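Residue-level listing of the chains:
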Amino acid sequence: EATSKMMLDAGYEVISVGLHSPDWTHNRFTSIEVDLLDEEATRALAKDLAESYKVTHFVHNAGMIRQKSLEDVTVEDLHDLTQLHAAAALIFAQAFTPGMKDRKFGRIIFNSSRALLGLQQRSAYSYSKAGLVGMARTWALELAPHGVTVNVLAPGPILTDNFWDLVEKDSPQQHEYASKVPVGRLGKPEDVANAILFFADPKASFVTGQTLYVCGGVSIFSG
C-alpha cells in the first residue's frame, strides 16, 4: 500500500495484484485479485497485463513466511514459497520484459528479506528469498544492454501484517525486537517504499544487480 501510494504521488499509473483488494481508490490505481500460488491464473494475468499495458516497472512484493522449525518444514512449504517468491516473479518478468526491451527501459524490483542471511524457523522463507538475489543478479546481466535494471530490497523487521502475524502489538516481544535494531526502532512500510522508489527512478540507470538492506542496521550483525 505504501509503495502504491508513493508511486501514485510520483505520477505513475499503478496496478496492484494480490489476494485482496484494498479499501481505498485512486483514479490511476487498479486492483486485481489473484492467488499467486496458482501458476495458471498467474500466467493468464501476466499475459493479459502485458497485452493491455505498456508496463515499465515490475515490483515483486509478494511474501509468505511459513514460520516452522527444521523438524516441521515440509517439501510443500518449499514448493509453495518457490512459486510465490520466485516462479510468480519469473512468469511476470517473462511477460513484461519483451516490451521493456523494445522500449529500451524497464525497472524490475524484488522485495526480498534480511532473512536471506539466515533466521531461525525460516527455512522455506530464507531459502526462497535468498534465491531472489541470485535470480536478480542473473537478470541484471542479461537485461543491462536493453536499459532494464534489476535490483533487490532486503527489509529487516517492518511493521506489516506479516510482522503482526508473528508478534502481538505493543507486546514485550515487539519492544524486544525494536531494542535489537541499531537505529532503535522497527521499520515502517514507508521505509521500504522509499527505497523501492529509488530503484524505480529513471535516473537510477547505473544501479543494477544490487541488494539494498533496509533494516535499520540489523544486517550488520549477520552480514
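Notes on the structure follow.

Reading guide: rules and limits
Residues numbered from 1 in each chain as written. Predicted model: local features only at pLDDT ≥ 70, side-chain atom pairs only at ≥ 80, totals over all residues. Heavy atoms only, no water. Helix = DSSP H or I, 4+ residues; strand = E, 2+ residues; numbered from the N terminus. Buried < 20%, exposed > 50% of the residue type's maximum accessible area, 1.4 Å probe, protein only. Axes fitted to C-alpha atoms, helices over the stretch in contact; angles between N-to-C directions. Parallel < 35°, antiparallel > 145°, perpendicular 65-115°, else oblique. Left-handed = near helix turned anticlockwise from the far one by under 90°. Contact = heavy atoms within 4.5 Å.

## Concerning unusual backbone geometry
Trans peptide bonds make up the majority, and among non-glycine residues the majority have a negative phi. Notably, arginine 66 is not glycine yet its phi reads approximately 55°, a positive angle. Relative to the helices and strands, arginine 66 resides in the loop between strand 3 (57-60) and helix 3 (75-103). The exposure class of arginine 66 is partly exposed, given its relative accessible area of 26%. Backbone geometry places lysine 104, a non-glycine residue, at a positive phi of 60°. Within the secondary structure layout, lysine 104 lies in the loop between helix 3 and strand 4 (106-111).

## Brief notes about the packing of helix 1 (residues 2-9) against helix 7 (residues 189-200)
One can describe the packing of helix 1 onto helix 7 by two numbers: an axis separation of 8 Å at closest approach and a directional angle of 45°. Taken together, the axes of helix 1 and helix 7 lie oblique to each other. Considering only the axes of helix 1 and helix 7, their crossing is right-handed. Contact with helix 1, carried on its side by Ala2, Thr3, Met6 and Met7, involves Pro189, Glu190, Ala193, Asn194, Ile196, Leu197 and Ala200 of helix 7 and no other residues of that element.

## Observations regarding the environment of glutamate 39
When you line up the elements, glutamate 39 lands in helix 2 (residues 39-52). Accessibility expressed as a relative area gives 35% for glutamate 39, which makes it partly exposed. Along the backbone, glutamate 39 and proline 155 are 116 residues apart, and their C-alpha atoms lie at a distance of 26 Å. Ignoring anything within four residues of it in the chain, the contact list for glutamate 39 reads Gln83 and Ile91.

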